[in-house]
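Observations on chain architecture
Listed below, chain by chain, are the residues.
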Amino acid sequence: MRKVDLCLSSEGAEVILATSSDEKHPPENMIDGNPETFWTTTGMFPQEFIICFHKQVRIERLVIQSYFVRTLRIEKSTSKEPVDFEQWIERDLVHTEGQLQNEEIMGRDGHATYLRFIIVSAFDHFASVHSISAEGIALSNLS
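Residues numbered from 1 in each chain as written. Predicted model: local features only at pLDDT ≥ 70, side-chain atom pairs only at ≥ 80, totals over all residues. Heavy atoms only, no water.

Thoughts on the UniProt feature "domain: F5/8 type C" (unreviewed entry) in the protein
Feature annotation in UniProt assigns "domain: F5/8 type C" (unreviewed entry) to the following positions: residues 18-123. Overall, residues 18-123 shows 0% helix and 55% strand. The separation of its end C-alpha atoms is 20 Å. (UniProt positions renumbered as here; feature names shortened; annotations may be inferred. Helix = DSSP H or I, 4+ residues; strand = E, 2+ residues; numbered from the N terminus.)

Here it is, written out as structure tokens:
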């Protein structure tokens, strides 16, 4: 089995929920593999989005590129539907003036079919997520 970026839309990942959407910066931009595109929140916090893998995966490393995110919580589910999430990771990110936050997280017990990302708070009224990368292995298809 080869390691791939499980969060790319080209690998079958899909953003199935986002609490805000701007037509110029839709949630799909986070997983399109294009460094020039991003998703932006539209105000109040918390904001969240859910990525569906459409298969069982094991995530070994996550990399989140964002701007103005202060506290990020990541929950995972191994269910066939986006339910029964359990908290997996919570991080306070460092504000990096004029450049993207580049948060790398090594995944322990990273088995999932869905990931829910919750931007609990931000350094400004808006935040953006430029890319979500999840290095890992697809284990099995959902049946």
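Describing the environment of Leu72
Residue placement: Leu72 occurs in strand β5 (residues 69-77). For the pair Leu72 and Ile118, spaced 46 residues apart in sequence, the C-alpha separation works out to 5.8 Å. What Leu72 contacts, discounting residues up to four positions off in sequence, is Ile64, Ile89, Glu90, Arg91, Leu93, Phe117, Ile118 and Ile119. (Contact = heavy atoms within 4.5 Å.)

Focus on the side chain of Asn29
Relative to the assigned elements, Asn29 resides in the loop between β2 (14-18) and β3 (39-40). Accessibility expressed as a relative area gives 11% for Asn29, which makes it buried. Setting aside anything within four residues of it in sequence, one finds Asn29 in contact with Lys24, Thr37, Phe38, Trp39 and His130. (Buried < 20%, exposed > 50% of the residue type's maximum accessible area, 1.4 Å probe, protein only.)

Concerning the packing of aromatic side chains
Tallied over the entire structure, the rule returns three aromatic pairs. Between Tyr67 and Phe68, the aromatic rings sit 4.3 Å apart at their centres with planes inclined by 55°, giving tilted as the arrangement. Accessibility classification places Tyr67 together with Phe68 in one group, the buried group. One residue, Arg116, lies across the ring of Phe85, its end atom 4.2 Å from the ring centre. (Phe/Tyr/Trp six-rings, centres within 6.5 Å; stacked < 30°, edge-to-face > 60°. Lys NZ or Arg CZ within 6 Å of the ring centre and 35° of its normal.)

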